[in-house]
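Spelled out from the first residue to the last, the chains are:
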Amino acid sequence: MNVIDSFKLTDKVAFVTGGGRGIGKVCALGLAEAGAHVAVVDLLRDEAETTAEEVRGLGRRAAAICCDVTQPLAVKDMVDRVVAVLGGLDIAFNNAGICIHEPAEEMSDESWLNVVDVDLNAVFFCARAAGKVMIAGGGGCIINTASMSGQIVNRPQPQCAYNAAKAGVIQLTKSLATEWASHGIRVNCISPGYTGTEMTMQVKEMHPDWIADSPMRRLAEPDEIKGAVVFLASPAASFVTGHDLVIDGAFTCW
């Protein structure tokens, strides 16, 4: 296989959670550009449908699935539907996430549990369901969205629940990689830095502080994340597993 072909995902089947917008959307389209058929999973059905239609516009098969990924039974049903509609499962991109900015001493139980449910528990539920299918099928690739916040403490915003959950995703990724390596399943995560998504655009007042702390003096564009996801999903990364790929413009170097 030549180097160009090693990045191709021709006729592979993927699902992307949080695929209706932001990093999830551009990565769903990136996987489709590389040849994959994609199930777009999101809590918001209309946004999932919009992304799925764009995948079809690239000549790939697509499904739009509304799913609350914090609910294990709903996740199992989602994965079963991906297999039934698209004919299998080769790639799982567990990307859905939220962030709540609250000082720790004022954070409600509800806020803490909500962030941990979406950002960590849901990653496990989706990985577990995908892993069962991939073990039975002889292998696959799982990619989780962690964050540079799993390695640093952000400022000026207080977000201890997000930081803790993302650190958990990194360690979960390493644990699953070692457990499932013998089944031909690779498990990696990406750790983006500040990226210009709908979520970060809601707190533009913080951008000057973030940019001042960044060697590249800017936020990432969502499109700058998709290449890493396609790489990790592809044969080009066949010996890469248990890895946290940091995509932060050197933010964590300072």
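See the structure shown above.
Computed from a predicted model, the values in this text were never measured in an experiment.

1. Observations regarding the pairing of strand β1 (residues 13–17)
Across the 5 residues that make up β1, a large majority, 5, are buried. Here β1 shows no split at all, with Val13, Phe15 and Thr17 on one side and Ala14 and Val16 on the other all buried. Across 5 bridges, β1 lies against strand β2 (residues 37–42) in parallel orientation. Looking at the pairing, alanine 14 lines up with valine 38 of β2. In this region the chain leaves β1, passes through helix α1 (residues 22–33) and returns to the parallel neighbour β2; the handedness of that crossover is right-handed. Where β1 lies against strand β4 (residues 91–94), 3 bridges are found, and the strand directions are parallel. Looking at β4, one finds that alanine 14 is bridged to isoleucine 91.

2. Things to note about the packing of helix α4 (residues 109–137) against helix α5 (residues 160–180)
For any two helices packed against each other, the geometry is given by the interaxial angle and the distance between the axes. One can describe the packing of α4 onto α5 by two numbers: an axis separation of 8 Å at closest approach and a directional angle of 15°. When the interaxial angle is binned, α4 and α5 end up roughly parallel. Our pair here, α4 against α5, has a crossing hand that is right-handed. Across from Trp112, Val115, Val116, Asp119, Leu120, Val123, Phe124, Ala127, Arg128, Gly131 and Ile135 in α4, the residues of α5 making contact are Cys160, Ala161, Tyr162, Ala164, Ala165, Lys166, Gly168, Val169, Leu172, Leu176 and Trp180. Within the contact of α4 with α5, the residues separate by chemical class into 17 nonpolar, 2 polar and 3 charged.

3. Section: the state of the cysteines
With the rule as written, the count across this model stands at 0 disulfides. No disulfide involves cysteine 141; its sulfur sits 12 Å from the nearest other cysteine sulfur, which is in cysteine 189.

4. Topic: the sheet that holds strand β3 (residues 62–66)
Spatially, β3-β2-β1-β4-β5-β6-β7 is the arrangement adopted by the 7 strands of the open sheet, whose pairing is parallel. Each having just a single partner strand, β3 and β7 (244–247) make up the two edges of the open sheet. With direction set aside, neighbouring strand axes in the sheet form an average angle of 15°. Contacts from helix α8 (residues 223–233) reach β4, β5 (140–145), β6 (185–192) and β7 within the one sheet, and its direction differs from that of β6 by about 165°.

5. Some words on the pairing of β4
Burial along β4 is two-sided: Ile91 and Phe93 facing one way and Ala92 and Asn94 facing the other are all buried. Note: β4 against β5, 4 bridges, orientation parallel. Along β5, the bridge assignment pairs alanine 92 with isoleucine 142. Each parallel crossover has a hand, and for β4 linked through α4 to β5 it is right-handed.

6. Topic: the nonpolar core
The biggest cluster of nonpolar side chains holds 35 residues, and the ones touching the most others in it are Phe15, Ile65, Val69, Val75, Met78, Val82 and Ile142. Taken together, the elements giving at least two residues each to this core come down to β1, β2, β3, α3 (72–86), α4, α5 and β6. Here this core gets 8 residues from one element, more than from any other, and that element is α4. The contact partners of valine 82, leaving out residues within four places of it in the chain, are Val13, Phe15, Ala39, Ile65, Gly87, Gly88 and Leu89. Counting residues in each nonpolar core, the second largest holds 31 residues, with Leu9, Val55, Phe93 and Val229 among its members.

7. Some points on the environment of alanine 228
Tracing the backbone shows alanine 228 in helix α8. Along the backbone, alanine 228 and valine 85 are 143 residues apart, and their C-alpha atoms lie at a distance of 27 Å.

8. Points about the pattern of salt bridges
Between side chains of opposite charge, a pair can form when the charged atoms approach closely. A full pass over the atoms with the stated rule returns 8 salt bridges. Glutamate 53 serves as the salt-bridge partner of arginine 56, at 3.1 Å between the closest nitrogen and oxygen. Of this pair, arginine 56 and glutamate 53 both sit in helix α2 (residues 45–57), 3 residues apart, which is roughly one turn of the helix. Of the residues examined, arginine 56 reaches a relative accessible area of 34% and is grouped as partly exposed.

9. A short note on the side chain of asparagine 163
Turning to its location among the elements, asparagine 163 is positioned in helix α5. Not counting chain neighbours up to four residues away, the residues in contact with asparagine 163 comprise Ser149, Gly150, Ile152, Val153 and Asn154.

10. Structural notes on the side chain of threonine 173
When you line up the elements, threonine 173 lands in helix α5. Residue classification places threonine 173 among the buried positions, given a relative accessible area of 0%. Discounting residues that sit within four places of it in the chain, threonine 173 has contacts with Asn144, Val187, Asn188, Cys189 and His243.

Basis of the calculations
Residues numbered from 1 in each chain as written. Predicted model: local features only at pLDDT ≥ 70, side-chain atom pairs only at ≥ 80, totals over all residues. Heavy atoms only, no water. Buried < 20%, exposed > 50% of the residue type's maximum accessible area, 1.4 Å probe, protein only. Helix = DSSP H or I, 4+ residues; strand = E, 2+ residues; numbered from the N terminus. Pairing = 2+ DSSP bridges. Right-handed = clockwise from strand over helix to strand, strands pointing away. Axes fitted to C-alpha atoms, helices over the stretch in contact; angles between N-to-C directions. Parallel < 35°, antiparallel > 145°, perpendicular 65-115°, else oblique. Left-handed = near helix turned anticlockwise from the far one by under 90°. Contact = heavy atoms within 4.5 Å. Nonpolar A, V, L, I, M, F, W, Y, C, P; charged D, E, K, R; others polar. Disulfide = S-S within 2.5 Å. Core = buried A, V, L, I, M, F, W, Y, C linked by side-chain atoms within 4.5 Å. Salt bridge = Lys/Arg side-chain N within 4 Å of Asp/Glu carboxyl O.

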